[in-house]
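Single-letter residue listing:
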Amino acid sequence: MSLDVRTVTASEYPDWLRAVQNGFLTAGRPSEDDVADRLVGTDLSRFQGVFDAGRCVATFRSFAQELTVVGGATVAADAISGVTVAPTHRRRGLLSRMMATDLAAAKERGEPVASLIAAEYPIYGRYGFGPAAWAAEWEVSVHRAGLDPRRSGQPAGGGRIEMVDGADVRKTGPEVHAALAARQPGVVTRGERWWRRTTGVTPLSEHEKWSEPFYVVHRAADGEIDGLMTYGTDDKWGDAKQPLNTATVRDMIALNPAAERALWHYLCSIDWITAIRSGYRAPDALLPLLLPDPRAARMITNSDWLWLRLLDVPRALEARTYGVEASLVLEVRDDAGLAGGRFLLDASTSGARCAPTTRSADLALGVAELATLYLGDESVRRLVDLGRAEELRAGAATTADAVFRTGRRPWCPDVF
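Residues numbered from 1 in each chain as written. Predicted model: local features only at pLDDT ≥ 70, side-chain atom pairs only at ≥ 80, totals over all residues. Heavy atoms only, no water.

(A) Layout of the nonpolar core. Counting residues in hydrophobic clusters, the biggest one holds 48 residues, and the most contacted among them are L67, L306, L310, L317, L345, Y374 and F404. Apart from residues lying up to four places away in sequence, L310 is in contact with P112, V113, A316, A339, V367, L370, A371 and Y374. Counting residues in hydrophobic clusters, the runner-up holds 29 residues, among them V142, A145, A262 and L291. (Core = buried A, V, L, I, M, F, W, Y, C linked by side-chain atoms within 4.5 Å. Buried < 20%, exposed > 50% of the residue type's maximum accessible area, 1.4 Å probe, protein only. Contact = heavy atoms within 4.5 Å.)

(B) Structural view of the environment of L17. Among the secondary structure elements, L17 is positioned in helix 1 (residues 13-23). For L17, a relative accessible area of 4% gives the class buried. With eleven residues separating them along the chain, L17 and G28 place their C-alpha atoms 9.9 Å apart. With residues up to four places along the chain from it excluded, the contact list for L17 reads P30, D34, V35 and R38. (Helix = DSSP H or I, 4+ residues; strand = E, 2+ residues; numbered from the N terminus.)

(C) Structural context of the packing of aromatic side chains. A complete count under the given rule lists twelve aromatic pairs for this structure. Where F63 meets F416, the ring centres are 6.1 Å apart and the plane angle is 90°; that geometry is what we call edge-to-face. Here F63, found in strand 3 (residues 55-68), pairs with F416, found in the segment after helix 10 (396-404); they are 353 residues apart in sequence, far enough to count as distant. Residue classification places F416 among the buried residues on the basis of a relative accessible area of 18%. (Phe/Tyr/Trp six-rings, centres within 6.5 Å; stacked < 30°, edge-to-face > 60°.)

(D) Looking closely at the sheet that holds strand 13 (residues 326-333). The five strands lie next to each other as 15-14-13-16-17, forming an open sheet whose pairing is mixed. On the outer flanks of this sheet lie strand 15 (351-356) and strand 17 (389-391), each paired with one strand and no other. Strand-to-strand twist across the sheet, computed as the mean angle between neighbouring axes with direction ignored, equals 25°. Both strand 16 (residues 363-366) and strand 17 contribute to a ladder of three bridges, which runs antiparallel. Each bridged residue has a counterpart across the sheet, and for L365 the counterpart in strand 17 is A389. Packed on one face of the sheet, helix 8 (residues 367-374) meets strand 13 and strand 16 and runs near 100° to strand 16. Along the sheet, helix 10 contacts strand 13, strand 14 (341-348), strand 16 and strand 17; its crossing angle with strand 13, the most-contacted strand, is approximately 100°. (Pairing = 2+ DSSP bridges. Axes fitted to C-alpha atoms, helices over the stretch in contact; angles between N-to-C directions.)

Shown next as C-alpha cells:
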C-alpha cells in the first residue's frame, strides 16, 4: 500500500502527536486538554505527516522563529521540530520527502535560514545543516567551590536576590529574555506559550511530570532586573543523615557578569545543596571562573546543539556584523540547489554587502560548513585542515577567520 505524505488536519492532529511521542520514546496518549492547548495559535499548514492505512507513521513540523545573529540583529528562521519516523517505516526516504517540501516552502516564504536541535548528529548534515552553536553543562561541588559558608545569599555591590513566583516570571521574564536576545548570537524567540508551560499554567502531556521549581531574580543597584534563574532540587540524604541534595538549573538569564556571579553564588549558598547541575550553557560560560576554585565545576556535557541551514546566502550574511573589514569570494556548494553559488562578501564591523559574482573564489565550501561558520563558532582553518573547506587563494582562511569569528561563542538557551 502506498504511503500518503500530506499536511495534517485538525482531526488528524491527536494521531500525529501520539506518533511524535512514540518516536521520542515517550509513549502515551495525549490528553484532550493538551491537544486543545497545543492547537491554539498553531499553523497546521506547516505540519506534515506520513500515513499508512490511515495511521500516522512519520511526523514533521516547522514554525516561525526569530534567531539572533552576530551584531544583535535577528533573522527569520524556519524552525524544524517534531521529526520522527516509525521504526517500521525507516529507510524509505520519508524524512527526505518532508524535508524537501518544508525547505522549499521556507525559501518561498523568504526565510533566509532554517534551524533545529538535532537529536542525533549524523541525520541533518545530508540536508545542508551544520552545527552552529554548542552547549555545555557543569556539575559543581559546592563544598569544593571555595566560597565562605558563613556568607548570606545576597551579593555585594548593592544588588540583591529576590525569590519570586511563576506569575512574576511570566510578567518580567519576556523582557529579560528580549534583552538577552538583543546581544547574544544564537538566542531564539520564546512565545507566550513557552512561559506558560515552564511556569505550570499550561497542562502537560501524560508523560511529563510537573514539579514546581524555585524562581529567583537579581536586581541591580538601580532596582532593574538583570538576571533570572529557575531551578529545582531533589531530596537526597546520606546514611549519616547528612543532606546530599542537588540543585538543577532549568533556566538562567544573566545580562551582565555581576548578575551571573550573584545568581551562581546564591545557589551555592543554599543550605542542604551540596551539588549543582548548571543546565545547558555556552561552552565558554563564565561559571567555572566565577568560583574561587574553578576545579569545583566539572564539565559533564559538551556537544553540538543548534543546527542551521542557509536558504538565502546573501540575506543571511548581510544580516550579521563581522570582526574586520575584508572582501571574500565564497564558492558555496548546495546539492539541494537551494542556496548554492559564488558570492562576494564585503564585510565590516557595522554590516556587510553580499551578492552573486563571477570573480574567482577565495574559499570553496558546502552550505552546511557555511552554516557552521555563520554565528562565529567555528574556525575556517580547522575546516580546511579537515578537508571540509578548500582554500583557493593563499591566506584566504586566515582572512575568513578574522572576518567570521567572534570574541564569545554563540549560545541557544532553548530546545524546540
